[in-house]
Every structure is written in C-alpha cells, then in structure tokens.
Amino acid sequence: MPPETYLRSGQVAALAGVNPQTLRYYERRGLIAEPVRGPGGHRAYPQETVTLLTVIKAAQRLGFTLDEVAELLDTGRRGHPTPDLRARAQAKITEVEARIADLTTVRAALTEVVSAGCDSLTNCTCPDCPLPLAGLAEGR
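Notes on the structure follow. This is a predicted model, so every value here is computed, not measured.

About the criteria used
- Residues numbered from 1 in each chain as written.
- Predicted model: local features only at pLDDT ≥ 70, side-chain atom pairs only at ≥ 80, totals over all residues.
- Heavy atoms only, no water.
- Axes fitted to C-alpha atoms, helices over the stretch in contact; angles between N-to-C directions.
- Helix = DSSP H or I, 4+ residues; strand = E, 2+ residues; numbered from the N terminus.
- Parallel < 35°, antiparallel > 145°, perpendicular 65-115°, else oblique.
- Left-handed = near helix turned anticlockwise from the far one by under 90°.
- Contact = heavy atoms within 4.5 Å.
- Nonpolar A, V, L, I, M, F, W, Y, C, P; charged D, E, K, R; others polar.
- Disulfide = S-S within 2.5 Å.
- Pairing = 2+ DSSP bridges.

Moving on, we come to the packing of helix α3 (residues 48-61) against helix α4 (residues 66-77). Their axes nearest at 10 Å, the elements α3 and α4 cross at an angle of 130°. As judged from the angle between their axes, α3 and α4 are oblique. Where α3 crosses over α4, the two elements pack in a sense that is right-handed. The residues of α4 that touch α3, namely those facing L52, I56, A59 and Q60, are L66, V69, L73 and R77. Here the residues of the contact of α3 with α4 are counted per class, giving six nonpolar, one polar and one charged.

Structure below.
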C-alpha cells in the first residue's frame, strides 16, 4: 500500500467537510467501504472516498435521506443505469413543492401577525387578531 495513494481518516474527513465520527458512521451503514489498515493499524482510505463522501453530502442537501442515498449508491454500484434516480428526484421535487407551499402559508400568516401588531398567543390585544389560537385560548 503506497502511502501517497491512501489518506488517513482525519484527512478524508477534512477534505470532505465531515467529522471523523461521520466517516465511521457511514462505514457502519455501508455507505463507504471499510478501509484497509496501515502498518500502525490506522485506517487508510483510497482518495475516491473523498469524492464519494462529497456525493453523499450533496444528495443529503437535495433532500435524500441516508437510507435513500444508500439505495441509490447500491443501484449505481451494480454498474447499469436505472430510472431509479430520476424517479426519486421527481418525488423529491414534489416533496419540495409541498414544503414550499407550506412555508408560503406560514410566511403569509406571520406577516399578518406582524402587520396586526399581535403581542401574545393567548391574550393578544390587537384588534381583529389573525391568530386562530387566541380565540381558542379565550374559549371563543
């Protein structure tokens, strides 16, 4: 094992922007291969591990769970293309659109609260309080 072709766990973690515990966790989950051991027993990772970790983190930022990432990686490791990634990405788009709609509703409600001058969830003193919980708290 030529030392220049392998990286220690701290190096891999730093280059990929994760902490060493994340690296070990991904090993246990089977997302990355278990590394070989160097002469002193230290983990020695191939440089491709950094790329794989970067791909995993990017997939998570796109909304994929680690279970979904593991399934997608497994599909990709079989060496032949499948429509799985495309179908899952379309499903994520649908999820994101639903979350955007929910957040738009929340923003509109908060804007109403700010504009009305609300000062309490349970005993708001502003006229025509838009908070639906205020009436429930007062028994209305």
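Per the stated rule, a full pass over the model turns up zero disulfides. No disulfide involves C126; its nearest neighbouring cysteine sulfur is the one of C124, lying 3.3 Å away. C129 takes part in no disulfide bond, and the closest cysteine sulfur to it belongs to C124, at a distance of 3.6 Å.

Contact pair helix α1 (residues 9-16) / α3: the axes reach a minimum separation of 9 Å and the direction vectors enclose 40°. It follows that α1 is oblique to α3 by the angle criterion. Pair α1 / α3 crosses with right-handed handedness. Residue-level contacts link V12, L15 and A16 of α1 to T49, V50, L53 and T54 of α3.

Right, let's get into the pairing of strand β3 (residues 43-46). In this structure, strand β1 (residues 6-7) lies alongside β3, joined through two bridges in antiparallel fashion. Counted as the bridge partner of L7 is Y45 from β3. Where strand β2 (residues 36-37) lies against β3, two bridges are found, and the strand directions are antiparallel. Bridge pairing in β3 places R37 opposite R43. Counting the residues between successive antiparallel strands, the hairpin from β2 to β3 contains five residues, one of them, G41, with a positive phi of roughly 85°.

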